[in-house]
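# Understanding the architecture of this molecule
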Amino acid sequence: DVDYSEYDVIVNTSSEHIASIQKWRATVPPGKIVVVQNTDYLAGEGHISTVESSAELLEKLELGRILYEGTRKFQLYRRFMVVGQT
């Protein structure tokens, strides 16, 4: 239960641990910059909302403006990051 209205930039580096990315996103007011990371690593402890691509993460976030979308490949998984404006 965070009031994001006083912040200009919100960073969420572990959205795979949130039960509903869409419900979390709904708590962020319009006009905020968000930096969100996720993974496709299903075996991670507490990974309950993984995605298969940065495109899927963007779909869940429903951002008004996309500033960055990227993927980093590791040996066992991929890590996705998107930056955008709500």
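Everything discussed here concerns the structure shown above.
Residues numbered from 1 in each chain as written. Predicted model: local features only at pLDDT ≥ 70, side-chain atom pairs only at ≥ 80, totals over all residues. Heavy atoms only, no water.

Buried residues dominate strand E2 (residues 33–39), accounting for five of its seven residues. Where strand E1 (residues 9–12) lies against E2, four bridges are found, and the strand directions are parallel. Among the inter-strand pairings, Ile10 is bridged to a residue of E2, identified as Val34. In the classification by handedness, the crossover that spans E1, the intervening helix H1 (residues 21–26) and the parallel E2 is right-handed. Strand direction decides the pairing type here: E2 and strand E4 (residues 78–85), joined by seven bridges, are antiparallel. In the strand pairing of E4, Ile33 is matched with Gln85. (Buried < 20%, exposed > 50% of the residue type's maximum accessible area, 1.4 Å probe, protein only. Helix = DSSP H or I, 4+ residues; strand = E, 2+ residues; numbered from the N terminus. Pairing = 2+ DSSP bridges. Right-handed = clockwise from strand over helix to strand, strands pointing away.)

So, about the environment of Pro29. Mapped onto the fold, Pro29 is located in the loop between H1 and E2. By relative accessible area, which is 23% here, Pro29 ends up partly exposed. Separated by 51 residues in the primary sequence, Pro29 and Phe80 have C-alpha atoms spaced 23 Å apart. In this structure Pro29 touches Tyr4, Ser5 and Thr86, once residues within four positions along its chain are discounted. (Contact = heavy atoms within 4.5 Å.)

These results come straight from atomic positions and should not be treated as a statement about function.
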